[in-house]
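Remarks on the overall topology
For reference, the chains in residue letters:
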Amino acid sequence: MFTLSEITAVKSFLEIISKMRGAYATFKSAKTSKIDLHNVIEKYFAFEGLPGNKVSLEGRLSNYTITTNFPVYSPRIVKDGKITQNEISGENSLEFKTMALNVPALVHNQISLDDGSKARIIWLYSSENTGLLFKNIPKESKESRNPLSFENLTNLFSIENHDKPLPVLVDIDLPFEEFLYTTAKITGRVVTAPLRHFEELSSILNPFFLNYYSNCIRPFSNVEGVLAIDVRRPHGKIQKIDNKKAGFKIIYSIQALIQIPETAHVEKKIILATCINGIPDRQGIPTDIKSITDGSSEKINTILTIGEISWQYSENLNSIAAFIELDVSDGYDSQIKITKLVHHWSIFQTKAQQFVKDKFGISIEIQPLICSNNIHKNNFNAKGLVIPKKIELAIFNESPIIRNGIDWLGISVGR
């Protein structure tokens, strides 16, 4: 049973991904005489001069970038919860600290360009970059509105020049992992995508997202709109300058749709509340104390938990998500954190389905729609990432472009 809200949310997310893929697919070689590349590179990377249409840049490479368009995300989490009981009434109360949750990260799969070639997209950051956890703007600098609402990301997080990436196209068979999170030098051709793709993207992306991508998406260009460096053979190359990997922290997320049968005789919000009880990080928290709402138009609820995994859900979208901070430059930290997230997610799925079955006699499905790195998709679900067939059919005829996003993300269609 899917509502118009959840169908619209999935459609919006997939359209953005599809249009982004469309912009990348149209990258082509650019001549420096036609675009103002010198000023762009000089401004953001302090380089001077461009020989022909080639450029050499130094920085840190990562396969992760951010997206503000996950179906479930609010920049609000609660930490340091403390439960107290009123000695007279016996009622429980919860005290906690409200904190900011940074924007979750995403790895893009390989892409086929319009010229028939294939590439993988990784990202070049300034050497000073330490990951995708942005600094909080001091409280006194924020607007008087709720600083933790989704609409106010620009008032919550500070994006510095060293936070802004430049997309780099690499060969799909390149073992690029050895270059990640070290100081590297890339040499390649300047490539661009037509301005119309920027116009399509800018009309649906929020100001925070556009600021973050302002190194590669240039709204004031008269000729081209999306900028990247192509280091694929035979014209480009990557060289290590320093073998030492430095920290690169991100917020990793797994997001799923909760499928409730159309014949269900129980209100959706009651079923979702029962599912929440299956989250293992809620031990010791009374079942009547579940979540807080962020107050935004999306009405994302932050679930009250303990531990380092943060959970959120959307009653409107029948969706739930888990988030964890990890250092992707540290193989041990990354493996431990992903393993923990997978373990907790597996417990949640099993218990939530059992609780709903036992209480209401209803069988639900919890199907992951997207995770931060597609390489882990089968760890969360044996079938990988899945979009329910009914949702796909509901939006495909209206917006065929979503097929590009579904294929690019590696999402299969549920049967």
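What comes next is a walk through the structure. Here the residue numbers are simple positions, counted from 1 along each chain's written sequence. For a predicted model such as this one, the threshold for reporting local features is a pLDDT of at least 70, and the threshold for listing and counting side-chain atom pairs is 80 or more; totals across whole chains, interfaces and linings nevertheless cover every residue. Think of the side-chain values as coming from all heavy atoms in the structure, minus any hydrogens and water.

A few words on helix α6 (residues 268–276). Given 3.6 residues per turn, any residue in an α-helix points the same way as the ones three and four places further on. Residue exposure (1.4 Å probe, protein chains only): buried if accessible area is under 20% of the type maximum, exposed if over 50%, otherwise partly exposed. Under the scheme used here, helices are H or I runs from DSSP no shorter than 4 residues and strands are E runs no shorter than 2 residues, and both carry numbers assigned from the N terminus. Restricting attention to buried positions, one finds in α6 the residues Ile 271, Leu 272, Thr 274, Cys 275 and Ile 276. Where α6 is buried, its residues contact β15 (249–259), β17 (300–303), β18 (310–314) and α7 (331–360). We call two residues in contact when some of their heavy atoms are within 4.5 Å.

At their nearest, the axes of α6 and α7 sit 8 Å apart, and the two run at 130° to each other. Taken together, the axes of α6 and α7 lie oblique to each other. In this structure, the crossing between α6 and α7 has a hand that is right-handed. From α6, Ile 270, Ile 271, Thr 274 and Cys 275 reach across to α7, where they touch Phe 348, Ala 352, Phe 355, Val 356, Lys 359 and Phe 360. In the scheme used here, Gly and all other residues not listed as nonpolar or charged are polar, with Ala, Val, Leu, Ile, Met, Phe, Trp, Tyr, Cys and Pro taken as nonpolar and Asp, Glu, Lys and Arg as charged. A per-class count over the contact of α6 with α7 returns eight nonpolar, one polar and one charged. Interaxial angle, 0 to 180 degrees, is taken between N-to-C directions of lines fitted to C-alpha atoms, where a helix line uses only the stretch in contact. For classification purposes, an angle smaller than 35 degrees is called roughly parallel, one larger than 145 roughly antiparallel, one from 65 to 115 roughly perpendicular, and anything else oblique. Put simply, a crossing is left-handed when the front helix is turned counterclockwise from the back one by less than a right angle, and right-handed when it is turned clockwise.

The strand order β16-β17-β18-β19-β15-β20 describes an open sheet built from six strands, whose pairing is antiparallel. Only two strands of the sheet have a single partner each, and these edge strands are β16 (291–293) and β20 (365–371). Between one strand axis and the next, the sheet turns through 30° on average, direction left out of account. Across five bridges, β18 lies against strand β19 (residues 319–327) in antiparallel orientation. The partner of Ser 310 across the bridge, within β19, is Phe 323. The sheet contacts of α6 involve β15, β17 and β18, and relative to β18 the element is tilted by about 170°. Taken strand by strand, α7 contacts β15, β18, β19 and β20, and its axis lies near 160° from that of β19. Pairing between strands is defined by DSSP: at least two bridges between the two strands are required.

A word on the pattern of salt bridges. In what follows, salt bridge is the name for a side-chain nitrogen of Lys or Arg lying within 4 Å of a carboxyl oxygen of Asp or Glu. According to the stated counting rule, one finds six salt bridges in the structure shown. For Arg 232, the salt bridge is made with Asp 230, and the minimal N-O distance between the two is 2.9 Å. What makes Arg 232 buried here is its relative accessible area of 10%. Across the pair Lys 337 and Asp 333 runs a salt bridge whose closest N-O atoms are separated by 3.3 Å.

Bringing the pairing of β15 into the picture now. When you tally the buried positions in β15, you get ten out of eleven residues, the bulk of the element. Bridging between β15 and β19 involves nine bridges; their strand directions are antiparallel. Paired with Gln 255 across the strands is Ala 321, a residue of β19. Pairing of β15 with β20 involves six bridges; the strand directions are antiparallel. Paired with Leu 257 across the bridge in β20 is Gln 367.

Between the first and last residue of a helix there are one fewer steps than residues, each counted as 1.5 Å, and that sum is the expected span. In a regular helix each residue adds 1.5 Å, so 30 residues correspond to 44 Å; α7 covers 43 Å between its end C-alpha atoms and thus fits that length. Identification of polar contacts relies on pairs of N or O atoms within 3.5 Å, with a donor-acceptor requirement for protein atoms, meaning one able to donate a hydrogen and the other able to accept it, and with residues adjacent in sequence counted only if both atoms are side-chain atoms. Two or three places before Tyr 332, at the opening of α7, Asp 330 has a side-chain oxygen 3.0 Å from that residue's backbone nitrogen. Backbone geometry just after α7 places Gly 361 at a positive phi near 70°.

The subject of this paragraph is unusual backbone geometry. That bond from Arg 233 to Pro 234 is cis: its omega, 0°, falls within 30 degrees of zero. Tracing the backbone shows Pro 234 in the loop between β13 (224–230) and β14 (237–242). Here the phi dihedral of Tyr 181 falls at roughly 70°; this positive angle occurs in a residue that is not glycine. Along the chain, Tyr 181 falls in the loop between β11 (166–170) and β12 (183–194). The exposure class of Tyr 181 is buried, given its relative accessible area of 4%. A positive phi angle, near 55°, is found at Asn 318, a position not held by glycine.

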